[in-house]
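Notes for the structure review
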Amino acid sequence: MKRFLLIMCCLAFMSGTGFAQQLGFKGGATYTTFSGADTDNYKYRVGYTGGIFLQKHINNMMGMQVEALFTSKGARREIYSGSNLQTAEVFKLNYIDIPVLFHVSASGVFFDLGPQVSFIYNASHIHEAHSSNGDKIVTTKYNISDNPYTIDFAYVGSVGYRATNGLGLELRYTGGLKKIDDEGAFVNRERRNSGFSLMLSYLLGGR
């Protein structure tokens, strides 16, 4: 309920002033990992993101943009014994992301920059045990939804292009600002969410 109320407050704030506003939809792929002092062995994993955004123009070039996105984040880690893969771990963390962005555009090219608050939806840890020759023999999935902090904070930067018909393509980087682990085996380690998103979007009414 708190997450829903925050989204509604952000959208209400955007719609409360007199500047032109437009609603849009976006979605795409994520390429995420963990960053921080205790993440040397982590690799990127592919996920997804999608949701809605409300863009409010101050003038023809500048404005604000609020988004509500469901985003799959996480990382992959592989442990080797010599040259043989011994264990593979996949961490899947699903969040509801609420970025509030300063938006600048000119001739279709746009830039977005701002803070983001995220609420954990669920999380899992998939453990894959491998034999001495590298074959997968046992896969175990753990629900770790209670382990990450309920709220995460990050900064967001995007660059993209939007055609006159409203179709857009953007590349985004999101950098976590706090440790993600509140409980569990990694609670005393420094792991932060980090990753890229490649998204298609459609702005109702065109640009």
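In case you missed it, the structure is sitting above this.
The numbers attached to residues start from 1 for each chain and follow its sequence in the written order. Since the coordinates come from a predicted model, pLDDT governs what is reported: local features require at least 70, and pairs of side-chain atoms require 80 or more to be given and counted, while whole-chain, interface and lining totals use all residues. To get the side-chain values, all heavy atoms of the structure are used, and hydrogens and water are removed first.

Pairs of aromatic rings are described using the distance from one ring centre to the other and the angle between the two planes. Two aromatic rings from Phe, Tyr or Trp, using only the six-membered ring of Trp, form a pair when their centres are within 6.5 Å; if the ring planes differ by under 30 degrees the pair is stacked, by over 60 it is edge-to-face, and anything between is tilted. Applying the stated criterion to the full structure yields 9 aromatic pairs. With centroids separated by 6.3 Å and ring planes inclined at 25°, the aromatic side chains of Tyr 48 and Phe 70 adopt a geometry described as stacked. Of this pair, Tyr 48 sits in strand β3 (residues 45–57) while Phe 70 sits in strand β4 (residues 62–81), placing them 22 residues apart in sequence. Tyr 48 sits in the partly exposed class, given a relative accessible area of 44%. Per-residue accessibility, obtained with a 1.4 Å probe over protein chains only, is compared with the maximum for each type, and a residue is labelled buried under 20%, exposed over 50%, and partly exposed between these values. Taking relative accessible area as the criterion, Phe 70 reaches 28% and is therefore assigned partly exposed. Here the aromatic residues Phe 34, Tyr 42, Phe 91 and Phe 186 are joined through ring pairs into a cluster of three or more. Lying over the aromatic face of Phe 91, Arg 191 brings its terminal NZ or CZ to 4.9 Å of the ring centre. What counts as a helix is a DSSP run of H or I of at least four residues, what counts as a strand is a run of E of at least two, and both are numbered from the N terminus. Should the NZ of a Lys or the CZ of an Arg lie within 6 Å of a ring centre and within 35 degrees of the ring normal, that charge is described as sitting over the ring.

Further remarks concern the pattern of salt bridges. The term salt bridge refers to a side-chain nitrogen of Lys or Arg lying within 4 Å of a carboxyl oxygen of Asp or Glu. Taken as a whole, this structure holds 9 salt bridges when the rule is applied. For Glu 67, the salt bridge is made with Lys 26, and the minimal N-O distance between the two is 2.8 Å. Of the two residues, Glu 67 is situated in strand β4 and Lys 26 in strand β1 (residues 21–35); the sequence distance between them amounts to 41 residues.

Despite not being glycine, Ser 107 has its phi angle at roughly 55°, a positive value. Positionally, Ser 107 belongs in the loop between β5 (84–106) and β6 (109–130). On the basis of relative accessibility, which here comes to 68%, the residue Ser 107 falls in the exposed class.

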